[in-house]
Amino acid sequence: MSRREQYLIGFSLAAFVGAVLLFALVIWLLWLQSVKTEEARVANLAETLGQKTEQIIVDARDMLDRLNRLPASACSAEHVRVMQEAAVARPYIRAIGYWRADSRICGVGFIQAIELKPPRADRIYDSGVIAWWPSPQTEVSGVRLFLMRLGKHDIAIDPRLLLQTELVQDRQAGLWVENLPLATAPWGVEMPALDSFPVGLFVDRENDRVVSRFSLGAVLPIDVVAIEPLHHFWDRYASMITVAISFGLALFAVWIYIVLRFSRHQLSLATELKEALARGHVEVYYQPILDLASGRCVGAEALARWVREDGRVVDPEVFLPVAEEAGLVPKITLAVLSATIRDLGNLLRENADISININLTPEDLASDEFSYTLAEQTEFAGIAPEKIKLEITERAIIDSDRSRGMIRNFRSRGHKVAIDDFGTGYSSLSYLETFEIDTLKIDKSFVDAIDKDAVTSHVIGHVIELSKSLDLETVAEGIETPQQVEWLLEQGVLLGQGYLFGKPLPARGFRRYFRRQKDSRVYPIRQKLRRWQAS
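Computed from a predicted structure; not experimentally measured. (Residues numbered from 1 in each chain as written. Predicted model: local features only at pLDDT ≥ 70, side-chain atom pairs only at ≥ 80, totals over all residues. Heavy atoms only, no water.)

**Side note on the sheet that holds strand S13 (residues 222–229)**
Ordered by their spatial adjacency, 5 strands build an open sheet running S10-S9-S13-S12-S11, and the pairing between neighbours is antiparallel. Of all strands in the sheet, those with a lone pairing partner are strand S10 (180–185) and strand S11 (200–204), marking the two edges. Adjacent strand axes in the sheet meet at a mean angle of 20 degrees, parallel and antiparallel pairs treated alike. Pairing between strand S9 (residues 172–177) and S13: 6 bridges, direction antiparallel. (Pairing = 2+ DSSP bridges. Helix = DSSP H or I, 4+ residues; strand = E, 2+ residues; numbered from the N terminus. Axes fitted to C-alpha atoms, helices over the stretch in contact; angles between N-to-C directions.)

**Some details on the nonpolar core**
Membership of the largest hydrophobic core comes to 69 residues, with the highest contact counts inside it found for Leu 273, Tyr 286, Phe 410, Ile 460, Ile 479, Leu 488 and Phe 510. It is helix H8 (residues 329–350) that provides the largest number of residues to this core, a total of 10 residues. In terms of nonpolar packing, the next biggest core, distinct from the first, is built from 43 residues, Ile 57, Met 63, Leu 162 and Leu 216 among them. (Core = buried A, V, L, I, M, F, W, Y, C linked by side-chain atoms within 4.5 Å. Buried < 20%, exposed > 50% of the residue type's maximum accessible area, 1.4 Å probe, protein only.)

**Digging into helix H7 (residues 316–326)**
Within the sequence span of H7, burial applies to Phe 319, Val 322 and Ala 323. Summarising the axial view, the buried residues of H7 lie within an arc of 100 degrees, below the 170-degree limit, and thus occupy one face. Turned more than 90 degrees away from the buried face of H7 sit Glu 317 and Glu 325, all of them exposed. In this structure, the buried residues of H7 make contact with helix H6 (269–278), strand S15 (297–307), strand S16 (313–314) and H8. A positive phi of about 70 degrees marks Gly 327, the residue just after H7. (Arc of directions from axis to C-beta. Contact = heavy atoms within 4.5 Å.)

**Let's talk about the confidence of the model for the protein**
When pLDDT is averaged across the protein, the result is 80; 77% of the residues are at 70 or more. Of all the helices and strands in the protein, helix H5 (residues 252–266) carries the lowest mean pLDDT, 49, while strand S17 (residues 355–360) carries the highest, 95. (pLDDT = per-residue confidence, 0-100.)

**Focus on the layout of surface pockets**
Volume-wise, the second largest pocket comes out at about 1,100 Å³. What lines the second largest pocket is a set of 34 residues, among which Glu 301, Leu 303, Pro 316, Leu 320 and Asn 359 lie closest to the centre. In the lining of the second largest pocket, the residues fall into 14 nonpolar, 8 polar and 12 charged. (1 Å grid on protein atoms, 1.4 Å probe; cavity = no way out; pocket = protein on both sides within 12 Å on 5 of 7 lines; lining within 4 Å. Points joined across faces, edges and corners; volume = space filled by probe spheres on them. Nonpolar A, V, L, I, M, F, W, Y, C, P; charged D, E, K, R; others polar.)

**Quick look at the sheet that holds strand S8 (residues 153–157)**
In spatial order, the strands read S2-S1-S8-S7-S4-S3; together these 6 strands make up an open sheet with antiparallel pairing. Strand pairing shows two members of the sheet lacking a second neighbour, strand S2 (103–109) and strand S3 (123–124), which therefore form its edges. Bridge analysis of strand S1 (residues 93–100) against S2 gives 6 bridges, and the strand direction is antiparallel. Residue pairing across strands places Trp 99 opposite Arg 104, the latter belonging to S2.

**What to know about the pairing of strand S12 (residues 209–216)**
The element S12 is extensively covered by neighbouring structure, given that 6 of its 8 residues are classed as buried. Pairing of S11 with S12 involves 5 bridges; the strand directions are antiparallel. Following the sheet pairing, Gly 200 is matched in S12 by Arg 213. Hairpin connection between S11 and S12: a loop of 4 residues separates the two successive antiparallel strands, and Asp 208 in this loop has a positive phi of roughly 55 degrees. In this structure, S12 lies alongside S13, joined through 8 bridges in antiparallel fashion. Looking across to S13, one finds that Val 210 is bridged to Glu 228.

**Regarding the pattern of salt bridges**
Applying the stated criterion across every chain yields a total of 24 salt bridges. With a closest N to O distance of 3.4 Å, Glu 436 and Arg 411 form a salt bridge. With Glu 436 in the loop between helix H12 (429–434) and strand S20 (439–442) and Arg 411 in helix H11 (residues 400–412), this pair connects stretches of sequence that are 25 residues apart. On the basis of relative accessibility, which here comes to 34%, the residue Glu 436 falls in the partly exposed class. Among the ionic contacts, a cluster of salt bridges with common partners joins Asp 59, Arg 66, Arg 90 and Glu 376. (Salt bridge = Lys/Arg side-chain N within 4 Å of Asp/Glu carboxyl O.)

**Considerations on the packing of aromatic side chains**
Following the criterion strictly, the structure yields 5 aromatic pairs and no others. Ring centres of Trp 133 and Phe 146 lie 5.7 Å apart, and the angle between their planes is 10 degrees; this geometry places the pair in the stacked category. Placement of Trp 133 in the loop between strand S4 (130–132) and strand S5 (139–140) and of Phe 146 in strand S7 (residues 146–150) is noted, with a sequence separation of 13 residues between them. According to the relative accessible area criterion, Trp 133 is buried, its value standing at 7%. (Phe/Tyr/Trp six-rings, centres within 6.5 Å; stacked < 30°, edge-to-face > 60°.)

**Describing the packing of H6 against H7**
The geometry of H6 relative to H7 is characterised by a closest axis approach of 9 Å and an angle of 90 degrees between their N-to-C directions. One element, H6, and the other, H7, form an angle in the roughly perpendicular class. Contacts between H6 and H7 involve Leu 269, Ala 270 and Leu 273 from the former and Val 318, Phe 319, Val 322, Ala 323 and Ala 326 from the latter. For the contact of H6 with H7, the residue count by class is 8 nonpolar, no polar and no charged. (Parallel < 35°, antiparallel > 145°, perpendicular 65-115°, else oblique.)

**Re the state of the cysteines**
Enumeration according to the criterion identifies 1 disulfide in this entry. Covalently, Cys 75 is tied to Cys 106 through a disulfide, its sulfur atoms 2.0 Å apart. When the S-S torsion is -90 degrees, as for the bridge of Cys 75 with Cys 106, the disulfide is left-handed. You can see Cys 75 sitting in the loop between helix H1 (3–68) and helix H2 (77–88) and its partner Cys 106 sitting in strand S2, a full 31 residues away along the chain. (Disulfide = S-S within 2.5 Å.)

**Things to note about the pairing of S8**
The element S8 is extensively covered by neighbouring structure, given that 5 of its 5 residues are classed as buried. Residues His 153, Ile 155 and Ile 157 point to one face of S8 and Asp 154 and Ala 156 to the other, with burial holding for every one of them. Sheet topology places S1 next to S8; 5 bridges connect them, and they run antiparallel. In the sheet register, Gly 97 faces S8, and the bridge partner there is Asp 154. Alignment of S7 against S8, held across 5 bridges, turns out to be antiparallel. Bridging from a neighbouring strand, Phe 146 pairs with Ile 157 of S8. The antiparallel pairing of S7 with S8 creates a hairpin that spans 2 residues between the two strands, and Gly 151 there sits at a positive phi of about 65 degrees.

See below:
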């Protein structure tokens, strides 16, 4: 073998060894990064489980407080109905009862009164909450229940439903209240004593696991522990690393692709949106709705806006399709409802001539969750039902039987219902005649065609006549010019919204907008129209 060949072989071996060492270093760094990612997942799991459990406890306490302040007579039909609705809306509740002294006078749920008389409470808090931990004295039908009492009402909670098992997946989690074990996921799994876990995140290499303990206590002292076995890491990544090392640099790019794809998945819009909803980062902007004749603001349409942690606003045309695909639309609707009541509750209570429109989707009409939440939150906030109007797209009324029943229910409670973006979907006189609705909203595409030589310019007149024939209130969307306002007024359209009147505003901006208009003798839109007419 010549010296040249030896050099070539030596250089090739050195290059190969160097490449292998470099590749191994990259794999090792990627492995460390993967471990950190898994640790973060465990920490986030414990925090999420703890926050959701506390939300349940706080909700239960608040519900008991509302029941105690209910003006209905004790154990009357109205009293029992409210208790029944509260129990149905909360799957973790097994029973709700009303007590007089030490006697349970009435109640609802799956448990008989005689089975809910534990002799001694485990803890009485300064807030007035009385608690019985799961024990033989609270056992009913083989399940040891967690009991809470406030005032004259109590509830029986199934502790198995306090931890959301779908979040745990192949990991383990435990819930403690007052350092006493309350629930585990999977149910019945053996968990070490709570005092064996320090608060926070740590890697327990002796027992081959990553452990996160999260503590909080708005109502009761709660601890949640999440455990991830370390061998799960190896199960997830070992095969990739082995293949990458075996095939060398040729598969290095594949490994990078997988890791980057995994990272992109973790940071995908759907995942980020889900986190934003959980953390309350989906805000609501309000687009004013005006009386076209007077220029007076009579309401607004509530629109979801996603503000990311870096302050950037994600366009609704981007995140709403992502939300639909991920099944997050109902959560967005509930977030919009809660934010609207929180943002504008005082404004709605203090002003008789304003209402807020909330958009519903087919998914919202497919379940009763929004209906229950709407009734509960408006009643609790003291907001009249007519102050919350509901907008439903034509696509949402295809399932006519279900939609008809939901619409009838909303209207019977006092909410007005509008068909949104009429003319862009399944426009049909037969649909409108069979649905009990109050308002028809004309889509922006038809308003844009006013005074233009386009096919849609002739359609808007027919839509307005259709609305009049059915005695419906008509609202025009997307108004941008005074000419459009004058034309709509001539056709008898009295309400409208669009950039001519104002872009969607954050809550504080809309409150200022409404109060400024309310206090003004001449509304800004009338000034714009007068200037246009004068010119």
